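Structure assessment
Next come the chains, spelled out residue by residue.
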Amino acid sequence: MKQALVSALLAVVAPVASCSKAAANPLGTVLRLMDELAAKVTADGEAAAKAYHEYFEWCDDTAKELQFAVETATKQKDKLEAKIGELTSNIEASSSSIEELAASIAKAEEELKNATLIREKEVAEFAASESELMDAVDTLGRAVTVLEREMAKSPTALAQVDTKNMAGGVQAFSAVLDA
């Protein structure tokens, strides 16, 4: 706009300037100053246009960079949300697995407790049976000793005897059982 004003002023003043060039008067000085001012305004306008263009490019570059940063952050956000969803499902699956394992452990502990009770009962039964068997073995050992003694005294004492002589056999067995 300033340039248009200067051009209009020059158009008006130019015919006057050419008339009075011969006199080299103050009007020529005004025209020269106006030409210098027009050149300065034009140079300032060009500098301002250049600065505006540089600023516009900087704004455009910054806007593109920010757009890329927003797109990158959005992609990263989407990836992180997907990872959060995946990990949440893993947590749920793990919680379910933990509950199943806890139930399995409780069942196994109950079975172990029952098995321990059965084993303790079996141990008690075994101890009683073993005691009875040890007593029977001890009794048989003493019976063998008695039989050996009796056989040493009378080698025919345990020979097959006539049923008429059953009293001797009964007496021998009585001796074995008494021992």
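Refer to the structure presented above.
1. Here's the deal with the overall build of the protein
- The helix and strand tally for the protein stands at three helices and zero strands.
- For the protein, the N- to C-terminal ordering of α and β elements is α-α-α.
- By the burial criterion, 6% of the 179 residues in the protein qualify as buried.
- Summing over all exposed atoms, the protein offers an accessible surface of approximately 14900 Å²; the carbon and sulfur share of this is 64%.

2. Brief notes about the environment of Ala143
- Locating Ala143 in the fold gives a position in helix H2 (residues 26–153).
- Here Ala143 falls in the buried class, since its relative accessible area comes to 8%.

3. Examining a negative patch on the surface
- There is a patch of like negative charges on the surface, built from Glu54, Glu57, Asp61 and Glu65.
- Within the secondary structure, Asp61 is located in helix H2.

4. Let's talk about H2
- Relative to the 190 Å expected for 128 residues at 1.5 Å per residue, H2 spans 178 Å between its end C-alpha atoms, a close match to the ideal helical length.
- Every buried residue belonging to H2 is among Leu31, Met34, Ala38, Ala143 and Val146, and all of these are buried.

5. Side note on the pattern of salt bridges
- In this structure the tally under the stated criterion is four salt bridges.
- Note that Lys64 is salt-bridged to Asp60, the shortest N-O span being 3.7 Å. With Lys64 and Asp60 both in helix H2 and four residues apart, the pair spans about one turn of that helix.
- Overall, Lys64 belongs to the partly exposed group, its relative accessible area being 42%.
- The partly exposed category is assigned to Asp60, whose relative accessible area is 33%.
- The salt bridge partner of Arg142 is Asp138, with a shortest N-O separation of 3.7 Å.

6. Some thoughts on the packing of aromatic side chains
- Scanning all chains against the criterion turns up two aromatic pairs.
- Ring plane angle 25° and centroid distance 6.0 Å describe the contact between Tyr55 and Trp58, whose orientation is recorded as stacked. Taken together, the positions of Tyr55 and Trp58, both in helix H2 and three residues apart, correspond to about one turn of that helix.
- Residue Trp58 is classed as exposed on the basis of its relative accessible area, which comes to 51%.

Criteria and cut-off values
- Residues numbered from 1 in each chain as written.
- Predicted model: local features only at pLDDT ≥ 70, side-chain atom pairs only at ≥ 80, totals over all residues.
- Heavy atoms only, no water.
- Helix = DSSP H or I, 4+ residues; strand = E, 2+ residues; numbered from the N terminus.
- Buried < 20%, exposed > 50% of the residue type's maximum accessible area, 1.4 Å probe, protein only.
- Areas by Shrake-Rupley, 256 points an atom, 1.4 Å probe, with all protein chains shown as cover.
- Patch = residues over 30% accessible without salt bridge, like charges linked within 9 Å, V, L, I, M, F, W, Y side chains within 5 Å.
- Salt bridge = Lys/Arg side-chain N within 4 Å of Asp/Glu carboxyl O.
- Lys, Arg positive; Asp, Glu negative; His and termini not counted.
- Charge placed at Lys NZ, Arg CZ, Asp CG, Glu CD.
- Expected span 1.5 Å × (residues − 1).
- Phe/Tyr/Trp six-rings, centres within 6.5 Å; stacked < 30°, edge-to-face > 60°.

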